[in-house]
Structure formats: structure tokens, C-alpha cells
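Structural characterization, general
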Amino acid sequence: MTCLLLGAVGEGQVFAYHGAVNLLSPPRSRLDIEVVFDLVCPWCFLGTRRLRRTLERRTDVLAEIRWRPFLLNPDLGLGGTGRQDYMARKFGGEERARRLHATMTDLGRPEGIAFRFDRIQRVPASIDAHRLVRFAAQHGQADALVDALFTAYFCEGADIGRPENLAALAARHGMEPRVVQRFLASGLEAEAVHAENLRAHRLGINGVPCFVISGQQGQGAGHAIAGAQEPEVLERLIDVALSEAGEF
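Residues numbered from 1 in each chain as written. Predicted model: local features only at pLDDT ≥ 70, side-chain atom pairs only at ≥ 80, totals over all residues. Heavy atoms only, no water.

1. Brief notes about the overall build of the protein chain
Of the regular secondary structure elements, the protein chain holds nine helices and seven strands. Here the protein chain holds 248 residues, and 50% of them are scored as buried. Sequence-distant contacts, at least 24 apart, represent 80% of the contacts inside the protein chain between residues at least 6 apart. Accessible area for the protein chain stands at about 11,700 Å²; split by element, carbon and sulfur atoms hold 51% of it. (Helix = DSSP H or I, 4+ residues; strand = E, 2+ residues; numbered from the N terminus. Buried < 20%, exposed > 50% of the residue type's maximum accessible area, 1.4 Å probe, protein only. Contact = heavy atoms within 4.5 Å. Areas by Shrake-Rupley, 256 points an atom, 1.4 Å probe, with all protein chains shown as cover.)

Laid out in C-alpha cells, this is it:
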């Protein structure tokens with residue numbers, strides 16, 4: 001399906017996925033990839049890992065990734081909620097939740113994801129984590145931090161709604177914890193996260209992950225595909241975007 005892009009991105013909100021460089025190889029084609037995601041969505045973790053694998057094997061492509069926040073639980077308070085109650089409300093019972101967890105665990109294994117849903121005690125509000133991703137993008141650390149946040153939550157059971165946990169994760173990627181703590185306390189970027197979430201809904205994006213792929217600087221149509229797609233599907237979409245941008 002064809003989808004409008006999500007609008008202008010602030011300076012520093014772009015991550016260039018460079019991969020391995022061979023100076024003797026032909027110049028690589030450039031792509032813009034927008035990833036609409038939520039950090040408490042296991043399908044988003046799976047989908048972004050598959051996107052990473054796709055780009056690693058597409059050595060002919062230089063992708064610029066723009067991380068677009070989506071809030072699955074926009075009304076959840078900053079303190080989050082107990083996971084057991086949340087899963088009962090969302091899925092109607094523990095048995096259905098267990099089946100989902102088993103499916104996700106099996107799907108995650110080939111992507112190097114060791115899902116440990118049993119370690120998760122609380123479902124956090126994800127807005128502060130999204131704010132931190134936007135802040136990290138200004139330092140070229142968004143891609144690594146997104147994966148670290150997913151791993152901390154889904155594999156280690158960390159509460160990524162707590163500022164001290166977010167600051168500790170940011171520190172592992174070269175960011176100053178006190179600077180991150182001041183940023184989180186300031187409330188900066190919260191309005192932007194809500195605006196991005198609203199814009200995604202207005203564009204008809206009601207589930208995540210959603211990938212919007214187009215040629216460099218929007219050349220050609222932007223094509224959107226939802227779900228944690230296999231690399232082969234993402235590759236076909238990449239080829240369509242490159243063809244429409246005149247890169248082939």
C-alpha cells in the first residue's frame with residue numbers, strides 16, 4: 001500500500017545505517033526508512049531486528065532511519081501498571097497471554113531475541129523512552145538505544161518507564177547520565193511525541209510496527225507496510241522504492 005510520509009523531522013532525528021563499506025564497490029543507493037513503533041510492543045522488537053538483518057545483507061543500500069513514536073497505551077500514567085492485570089484486560093486471560101508469549105519466543109529466537117516475559121513485572125508508559133530516543137538521535141545513538149531499550153524491557157524485565165533506568169541505558173551508549181536525567185525531568189520532546197502519535201493515527205496507522213520506505217529525500221512514492229515482516233518482504237519493498245526513485 002502507498003502511504004504519505006509522516007512529515008518533517010527535526011534536525012538530528014535521522015540515523016544513517018552505513019553497514020560495511022567497500023571503497024571498490026559501486027556507490028550505494030540511498031533510502032529513507034521511517035519506522036513507526038512503540039517500545040512496549042514485542043512485534044516492533046521483532047520487526048526492527050528483521051529490518052536490521054535486511055539492511056545488513058543489502059550492501060547496495062545506504063539507509064537513513066527515522067524513528068517515529070507510536071503510543072499503544074496513550075492514557076497509561078507515568079508509573080505504568082502491573083503486567084498481570086494489563087495482560088488480563090488486553091487478552092482476556094492468562095492462558096491466551098501465555099500462548100502469545102510462546103509464539104513470540106519462538107519467532108524471536110532466529111533474530112537473536114531471548115524474550116523473557118516472565119521477568120516483566122510492570123507495563124511502563126513509553127513516552128519518556130520515546131523522548132530519550134529523540135534526544136539520542138541528536139547524538140547519533142538512536143539506533144543502538146532503540147535496540148537496547150527493547151532488550152532491557154523484553155529480555156531483562158527492566159522498567160523502561162523509570163528515569164533512572166533510562167539514564168543508565170543511555171550511559172552505556174556514551175551519553176552523560178546527569179544530562180539525560182535533566183532532559184527527562186524537563187519534559188522536552190513530550191509534546192513532539194504526542195504530535196507524532198496523533199499524526200500516525202491520522203495517516204491511518206493503527207498498528208505497529210509500520211515501515212515507510214521511499215527513495216532519498218522522498219523521491220518516488222512512500223510505500224508503507226505494517227507488521228514484523230520477513231526480510232524477503234522488506235527487500236521487495238526496498239526494490240520497489242529504489243525503482244521508483246530511479247536508482248535502478
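Read on for the rest.
2. Focus: the environment of glycine 207
The topology assignment puts glycine 207 in the loop between helix H8 (190–202) and strand S6 (210–215). The sequence separation of glycine 207 and valine 36 amounts to 171 residues, and the corresponding C-alpha distance is 8.9 Å.

3. Focus: the packing of aromatic side chains
Applying the stated criterion across every chain, the model contains 11 aromatic pairs. A ring pair is formed by phenylalanine 45 and phenylalanine 115, whose centres lie 5.8 Å apart and whose planes are at 80°; its orientation type is edge-to-face. With phenylalanine 45 in helix H1 (residues 42–57) and phenylalanine 115 in the loop between helix H3 (94–108) and strand S5 (122–123), the pair connects residues that are 70 residues apart, well separated along the chain. Taking relative accessible area as the criterion, phenylalanine 45 reaches 0% and is therefore assigned buried. Aromatic ring contacts, followed pair by pair, group Phe37, Phe45, Trp67, Phe115, Phe117, Phe150, Tyr153 and Phe154 into a single cluster. The ring of phenylalanine 183 carries arginine 131 above its face, with NZ or CZ at 4.9 Å from the centroid. (Phe/Tyr/Trp six-rings, centres within 6.5 Å; stacked < 30°, edge-to-face > 60°. Lys NZ or Arg CZ within 6 Å of the ring centre and 35° of its normal.)

4. Concerning the pairing of strand S3 (residues 61–69)
Within a regular strand, the side chains alternate between the two sheet faces. In terms of residue burial, S3 counts as a mostly covered element, since eight of its nine residues are buried. In this structure, strand S2 (residues 29–37) lies alongside S3, joined through nine bridges in parallel fashion. Within the sheet, the bridge partner assigned to glutamate 34 lies in S3 and is arginine 66. (Pairing = 2+ DSSP bridges.)

5. As for the pattern of salt bridges
Throughout the structure, instances matching the rule amount to 23 salt bridges. A salt bridge links arginine 52 to aspartate 143, with the nearest nitrogen and oxygen atoms 3.7 Å apart. Highlighted residues: arginine 52 in helix H1 and aspartate 143 in helix H5 (residues 142–154), separated in sequence by 91 residues. Residue arginine 52 is classed as partly exposed on the basis of its relative accessible area of 25%. Between arginine 131 and aspartate 128 there is a salt bridge whose closest N-O contact spans 2.8 Å. Pair noted here: arginine 131 and aspartate 128 are both in helix H4 (residues 127–137), with a separation of three residues, about one helical turn. Comparing arginine 131 with aspartate 128 shows no difference in burial state: the two are buried. Residues joined by salt bridges that share partners form a network here, namely Glu34, Arg68, Arg134, Glu189, Glu196 and Arg199. (Salt bridge = Lys/Arg side-chain N within 4 Å of Asp/Glu carboxyl O.)

6. A few points about helix H6 (residues 163–171)
Looking at H6, one finds that the buried residues are Leu166, Ala167, Leu169 and Ala170. Along the axis of H6, the buried positions cluster into a sector of 160°, meaning they face one direction only. The inward-facing, buried residues of H6 abut H4, H5 and helix H7 (177–186). (Arc of directions from axis to C-beta.)

7. Details of the packing of H4 against H8
Close contact between H4 and H8 brings their axes to 9 Å; oriented N to C, the two are set at 105°. Between H4 and H8, the crossing angle belongs to the class labelled roughly perpendicular. Side by side, H4 and H8 meet where Ile127, His130, Arg131 and Arg134 of the first sit next to Ala190, Ala192, Val193, His194 and Glu196 of the second. Split by residue class, the contact of H4 with H8 holds four nonpolar, two polar and three charged. (Axes fitted to C-alpha atoms, helices over the stretch in contact; angles between N-to-C directions. Parallel < 35°, antiparallel > 145°, perpendicular 65-115°, else oblique. Nonpolar A, V, L, I, M, F, W, Y, C, P; charged D, E, K, R; others polar.)

Honestly, it's all geometry; don't read function into it.
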